[in-house]
Amino acid sequence: MLLKSKPNWELPESAATSESVFQDRRRLVKAMGLAPIVAAGAALPNTAAAATADPSAKFYPAARNLRYRLDRPLSAEKDATTYNNFYEFGSHKYISKDAQALKTRPWTVTFDGMVEKKITVDIDTLISKMQLEERLYRFRCVEAWSMALPWTGFPMADLVKFARPLKGAKFVMMETFHDAAMAKGQKQFWYPWPYREGLSLEEATNELTLIGTGAYGKPMVKQMGAPLRLVVPWKYGFKSIKSIVRFSFTDKRPVSFWEKVQGKEYGFWANVNPDVPHARWSQATERVLGGKGKRVKTLLYNGYGDQVAGLYKDINGENIFF
Ligand SMILES: Nc1nc2c(c(=O)[nH]1)N[C@H]1C(S)=C(S)[C@@H](COP(=O)(O)O)O[C@H]1N2
Ligand SMILES: [Mo]
């Protein structure tokens, strides 16, 4: 993000999939009794396929929670899976092939810091304890492009309950894997690996805050942050940390990855606001991915003010919008 984002003309221009088309495809998949491709692979008498199959595939597609509606068409799956920010695999958008090096099983998640008891749990055990649902959310990157996505996951509030933080905990720090042999981008020593992000506990337990385990009715693809990522739709995209291995509860505000790199441009709160420009560009409008260069007005809190504005009413003396 220190680099200028790619100019529009470098992007593939595929049309957005409308919600109804997407639902039809899901219905078709269901009617055919087909689980996603990985699960079908597991059914074959092929041990290699079985060994690499995603054990969580059986939970997809999850039922859609109709409380969360969009004001625009969903982004095409192809756009969401081929235009990504995942600096662990390179500091540009076209990392989807390289990201296939990410090994997502075995995968454990650790809960530590101010918790009743430190817990390390296998990802599939964790997922099996949670109720997965699908939600349609807008997504706004600080670089002023946006998408609309069908996430699958569970409320982060349920994860916090599972972790059993102590009364004095006020924030949760999240951490991505750190393995430079697997993720070549982590050889770029000038970045403060591993990627870290943080939320206040009120933010983490807000109804909108989702722990994403999938998208487009399937387990999360690697380039989008498999097997577990954060989804906070009212904040700039860099807050939505991918491929999480650790949740650490604390009474001190954590310093996030981009805050460490360039704190004057990428703050802790990073709530979307069209009237507060980034240090180097305006945030007033956004380029809709797959929208043939179309720009739309950016909404305060990315349109989620009803749910989240109250979180910030007592925060004084600092800018909650970058
Ligand atoms: N670990 C990690 N998480 C990350 C990033 C990253 O580079 N590494 N990029 C962030 C940024 S800047 C954005 S916009 C979103 C992009 O998510 P997407 O590729 O699924 O659209 O992931 C966020 N989470
Ligand atoms: Mo971003």
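Please refer to the structure higher up on the page.
My aim in this report is to walk through the structure given alongside it, one point at a time. (Residues numbered from 1 in each chain as written. Chains lettered and ligands numbered in written order. Predicted model: local features only at pLDDT ≥ 70, side-chain atom pairs only at ≥ 80, totals over all residues. Heavy atoms only, no water.)

### Observations regarding the overall build of the chain
Point 1. Counting secondary structure elements, the chain contains nine helices and 12 strands.
Point 2. Counting the 322 residues in the chain, one finds 54% classified as buried.
Point 3. Here the chain displays about 14,500 Å² of accessible surface, and carbon together with sulfur accounts for 57% of that area. (Helix = DSSP H or I, 4+ residues; strand = E, 2+ residues; numbered from the N terminus. Buried < 20%, exposed > 50% of the residue type's maximum accessible area, 1.4 Å probe, protein only. Areas by Shrake-Rupley, 256 points an atom, 1.4 Å probe, with all protein chains shown as cover.)

### Here we look at the environment of I119
Point 1. Relative to the helices and strands, I119 resides in strand 2 (residues 119-122).
Point 2. I119 sits in the buried class, given a relative accessible area of 18%.
Point 3. Along the chain, I119 and F247 lie 128 residues apart, while their C-alpha atoms are 10.0 Å from each other.
Point 4. The residues contacting I119, other than those within four sequence positions of it, are V109, T110, F111 and F162. (Contact = heavy atoms within 4.5 Å.)

### Some points on the pattern of salt bridges
Point 1. Scanning all chains against the criterion turns up 20 salt bridges.
Point 2. For E286, the salt bridge is made with R140, and the minimal N-O distance between the two is 3.1 Å. Placement of E286 in strand 11 (residues 285-288) and of R140 in strand 3 (residues 133-140) is noted, with a sequence separation of 146 residues between them.
Point 3. The shortest N-O distance in the salt bridge between K252 and D251 comes to 3.4 Å. (Salt bridge = Lys/Arg side-chain N within 4 Å of Asp/Glu carboxyl O.)

### Some thoughts on the pairing of strand 7 (residues 210-215)
Point 1. Of all six residues that make up strand 7, six are buried, and the element is covered over most of its length.
Point 2. For strand 4 (residues 145-155) and strand 7, the ladder comprises five bridges, and the chain directions are antiparallel. Bridging across to strand 7, G153 finds its partner in G212.
Point 3. Pairing of strand 7 with strand 9 (residues 229-231), which is carried by three bridges, proceeds in the antiparallel orientation. Bridge pairing in strand 9 links L210 to V231. (Pairing = 2+ DSSP bridges.)

### What to know about the packing of aromatic side chains
Point 1. All chains considered together, the criterion is met by 29 aromatic pairs.
Point 2. Between F86 and F177, the aromatic rings sit 6.4 Å apart at their centres with planes inclined by 65°, giving edge-to-face as the arrangement. You can see F86 sitting in the loop between helix 4 (77-82) and strand 1 (108-113) and its partner F177 sitting in the loop between strand 5 (171-176) and strand 6 (196-200), a full 91 residues away along the chain. Of the two residues, F86 and F177, both sit in the buried class.
Point 3. Taken together, a centroid distance of 5.0 Å and an interplanar angle of 85° make the contact between F268 and W269 edge-to-face.
Point 4. The buried category is assigned to F268, whose relative accessible area is 2%.
Point 5. Each member of the aromatic cluster is reached from another via a ring pair, and the members are Y87, F189, W190, Y191, W193, Y195, F238, F257, W258 and Y266.
Point 6. Positioned above the aromatic ring of Y304 is the side chain of R138, whose terminal nitrogen or guanidinium carbon lies 4.6 Å from the ring centre.
Point 7. Lying across the ring of F268, K239 places its NZ or CZ 4.3 Å from the centre. (Phe/Tyr/Trp six-rings, centres within 6.5 Å; stacked < 30°, edge-to-face > 60°. Lys NZ or Arg CZ within 6 Å of the ring centre and 35° of its normal.)

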